[in-house]
Amino acid sequence: MENLINILVTGGGAPGAPGIIKALRSVNRFNLFSCDVHSVTAGKLLANDYFTVLQGDNEEYCNDLLTKCLQRNIKVIFPITTKELIPLSVNKSIFKQNGIDIIVSDFEPLQIANNKGLLYQHLQNADIAVPSFFVTNTLDEFKKAAQQLGYPNTKFIFKPCQANGSRGFRIVENGKSEHDLLFNEKPNATFISYEKTIEILSEKPFPSLVVSEYLPGKEYTVDCLVENGKTQFIIPRSRDKMNNGISVAGTIEKNQEIIDYCRSILDSLPLDGPIGIQVKYSSKNAPLLVEINPRIQGTSVACIGAGVNIPAVCVYQKLAFQSEEISVKWGTQFIRYYDELYFDE
């Protein structure tokens with residue numbers, strides 16, 4: 001029997017971990033490990049083996065991870081959480097010297113992709129369309145940006161330049177009632193009144209915020225794979241239904257306009273590996289960038305139903321294995337649901 005290759009999926013407690021681990025376990029050439037800061041996660045129950053690590057932004061994270069990977073003869077690290085990307089990118093040559101490949105982009109393009117202010121400015125300089133935006137660091141700058149974006153006649157959005165998931169993201173709309181938000185919206189609602197926003201931002205210093213135009217149109221998540229500067233595939237899927245910012249229903253859609261737009265973004269920024277791009281249509285019906293996730297997206301496993309096992313393709317690429325030609329079953333629809341795992345202490 002062929003020797004199995006040890007693969008580590010980090011972030012075993014992340015929402016996307018179960019799907020990614022299952023996708024890799026479907027390949028009979030891999031032995032799956034997972035890790036997390038928590039001792040019990042879904043990753044622990046789904047992987048073949050498991051261990052705990054420090055937080056991804058801890059200065060000792062990489063040393064801790066390297067030691068534990070060497071003990072287990074791990075050959076490829078598949079990071080799926082944002083905080084660990086920069087440290088792993090900075091240190092990936094050290095891991096490589098020890099026979100361990102990390103699926104992560106180089107530091108400079110990664111730093112741009114991880115910062116929405118730098119990213120929008122980079123694309124604007126490259127003549128690639130982005131939403132109207134301002135980077136603000138003070139309350140006065142925030143108020144001025146809101147005015148320039150047309151508030152109070154037009155709603156707008158804001159989000160920290162550097163953030164994970166939907167943390168800090170809000171849609172500001174004139175006349176939005178706090179009473180309505182309290183009693184008629186779920187706690188995870190993204191709308192907020194301008195008055196409440198100003199009240200919060202006045203309390204204490206806040207991180208740099210991107211304040212930008214609101215995009216009212218259809219939203220897409222786009223799964224991309226880049227190898228040595230060459231884009232291997234771009235697969236848009238509509239975000240038809242979301243729960244806490246995570247796609248739970250959609251369609252794998254051959255939208256050439258979005259494919260071409262995302263290709264221009266990737267051509268301008270030399271990222272590597274699996275890249276997630278969020279795109280939304282503007283009031284002028286043009287696809288514009290929301291953000292880039294320079295890593296595997298948890299919901300990318302939805303593409304398995306369309307014939308593309310993205311996690312497996314990524315590992316095959318890193319190991320220089322021959323993989324089958326990509327053939328997407330366009331029009332495939334998907335829904336995602338909760339599942340349970342059981343264990344004894």
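This text goes with the structure placed above it.
Residues numbered from 1 in each chain as written. Predicted model: local features only at pLDDT ≥ 70, side-chain atom pairs only at ≥ 80, totals over all residues. Heavy atoms only, no water.

Asker: Looking at this structure, I do not really get the layout of surface pockets. What am I missing?
Answerer: Using a probe with the size of a water molecule, rolled over the atoms, empty space left in the structure can be pinpointed. Here the second largest pocket defines a volume of roughly 260 Å³. Residue assignment for the lining of the second largest pocket shows that the elements contributing at least two residues are strand S7 (156-160) and helix H9 (194-203). No other element matches the four residues that H9 contributes to the lining of the second largest pocket. When its residues are assigned to classes, the lining of the second largest pocket shows nine nonpolar, two polar and three charged. (1 Å grid on protein atoms, 1.4 Å probe; cavity = no way out; pocket = protein on both sides within 12 Å on 5 of 7 lines; lining within 4 Å. Points joined across faces, edges and corners; volume = space filled by probe spheres on them. Helix = DSSP H or I, 4+ residues; strand = E, 2+ residues; numbered from the N terminus. Nonpolar A, V, L, I, M, F, W, Y, C, P; charged D, E, K, R; others polar.)

Asker: Mind showing me how you'd approach the sheet that holds strand S14 (residues 246-251) here?
Answerer: Adjacent strands of a sheet form backbone hydrogen bonds with each other and so pair up, either parallel or antiparallel. Within the open sheet, the three strands sit side by side as S13-S14-S17. Their pairing is antiparallel. Where the open sheet ends on each side, the last strands, each with one partner, are strand S13 (241-243) and strand S17 (333-335). Each neighbouring strand pair of the sheet contributes to a mean axis angle of 20°, computed without reference to strand direction. As judged from the three bridges shared by S14 and S17, these two strands associate in the antiparallel manner. For Thr251, the partnering residue across the bridge sits in S17 and is Gln333. (Pairing = 2+ DSSP bridges. Axes fitted to C-alpha atoms, helices over the stretch in contact; angles between N-to-C directions.)

Asker: Would you mind showing me how to read helix H10 (residues 256-268) here?
Answerer: Think of an α-helix as turning once every 3.6 residues; residues three or four places apart then point the same way. With 13 residues, H10 ought to run about 18 Å at 1.5 Å a step, and its terminal C-alpha atoms sit 18 Å apart, in line with that. Among the residues making up H10, those that are buried are Ile258, Ile259, Tyr261, Cys262, Ile265 and Leu266. Buried residues of H10, seen end-on, are gathered within an arc of 165° and therefore sit on one face of the element. Capping the start of H10, Asn255 holds a side-chain oxygen 3.2 Å from the backbone nitrogen of Glu257, two or three residues further along. (Expected span 1.5 Å × (residues − 1). Buried < 20%, exposed > 50% of the residue type's maximum accessible area, 1.4 Å probe, protein only. Arc of directions from axis to C-beta. Polar contact = N/O pair within 3.5 Å; in protein donor to acceptor, adjacent residues only side chain to side chain.)

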